[in-house]
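Descriptive analysis of the structure
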Amino acid sequence: MIILKVNGAEQKLDVDPEMPLLWVLRDVLGLTGTKYGCGQALCGACVVHLDGETVRACVTPVKRAAGGSVTTIEGLGPAGDHPLQRAWVELGVPQCGFCQAGQIMSAAALLRKNPRPSNEDIDKSLAGNICRCGTYTRIRAAVRKAAGLPTE
């Protein structure tokens, strides 16, 4: 039995401890906001927070999260009211939207550590998140907006 908190709620999971956290979230708990992209921790579509730090859920065994706290896109702003979520909508960031949960989760970790990031900070922090539609300038603008900075 693996016990962890997901979006603030304790979960008792009878799953293989080696099962990737991504599949626990999506298939066991029904939290489908976190996406499967590459399965190799290369694209960032599966980024979630584990005890406040970003992890690639596709390669993180659920046993690593045991006793910890996981936050997914659904838990970041349950009503879509997190400043990043609002900025994403206001600036029309997504095209296909597939990478956006991972982008937002990475950006949230950045803003928690650095509430007023430079463009270089944003680019460096989100460099591991691939957007196949190429909306990087809108992503940066949304992060700046959520941080209360000019969107340029």
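The structure this text deals with has already been given above.
Residues numbered from 1 in each chain as written. Predicted model: local features only at pLDDT ≥ 70, side-chain atom pairs only at ≥ 80, totals over all residues. Heavy atoms only, no water.

Our focus in this paragraph is helix α4 (residues 83-90). Residues of α4 that are buried include every one of Leu84, Gln85, Ala87 and Trp88, and no others. Within α4, the buried residues cover an arc of 165 degrees as seen down the axis, which keeps them to one side. Of the exposed residues in α4, the ones pointing more than 90 degrees away from its buried face are Val89 and Glu90. Against the buried residues of α4 lie α3 (73-76), α5 (100-113) and α7 (136-146). Directly beyond the C-terminal end of α4, a positive phi value near 60 degrees is found at glycine 92. (Buried < 20%, exposed > 50% of the residue type's maximum accessible area, 1.4 Å probe, protein only. Helix = DSSP H or I, 4+ residues; strand = E, 2+ residues; numbered from the N terminus. Arc of directions from axis to C-beta. Contact = heavy atoms within 4.5 Å.)

Assignment of secondary structure puts leucine 111 in helix α5. On the basis of relative accessibility, which here comes to 15%, the residue leucine 111 falls in the buried class. Along the backbone, leucine 111 and isoleucine 139 are 28 residues apart, and their C-alpha atoms lie at a distance of 13 Å. Setting aside chain neighbours within four positions, we find leucine 111 in contact with Leu84, Pro117, Val143, Ala146 and Ala147.

Running from amino to carboxyl end, α4 crosses α7 at an angle of 135 degrees, the nearest separation of the two axes being 8 Å. When the axis of α4 is compared with that of α7, the two are oblique. Of the two elements, α4 crosses α7, and the hand of that crossing is right-handed. Judged by residue contacts, Pro83, Leu84, Ala87, Trp88 and Glu90 of α4 engage Ile139, Ala142, Val143, Lys145 and Ala146 from α7. Per-class residue counts for the contact of α4 with α7 are 8 nonpolar, no polar and 2 charged. (Axes fitted to C-alpha atoms, helices over the stretch in contact; angles between N-to-C directions. Parallel < 35°, antiparallel > 145°, perpendicular 65-115°, else oblique. Left-handed = near helix turned anticlockwise from the far one by under 90°. Nonpolar A, V, L, I, M, F, W, Y, C, P; charged D, E, K, R; others polar.)

Glycine aside, negative phi is the norm for most residues, and most peptide bonds take the trans geometry. The backbone of alanine 41 shows a phi angle near 65 degrees, a positive value even though the residue is not glycine. Mapped onto the elements of the fold, alanine 41 is located in the loop between α1 (21-28) and β3 (47-50). Residue alanine 41 is classed as partly exposed on the basis of its relative accessible area of 29%. With a phi close to 50 degrees, aspartate 51 is a non-glycine residue in the positive phi region. By secondary structure assignment, the location of aspartate 51 is in the loop between β3 and β4 (53-56).

Between its first and last C-alpha, α5 extends 20 Å over 14 residues, near the 20 Å set by a 1.5 Å rise per residue. Of all 14 residues that make up α5, 12 are buried, and the element is covered over most of its length. Residues of α5 that are buried include every one of Gln100, Ala101, Gly102, Gln103, Ile104, Met105, Ser106, Ala107, Ala108, Ala109, Leu110 and Leu111, and no others. (Expected span 1.5 Å × (residues − 1).)

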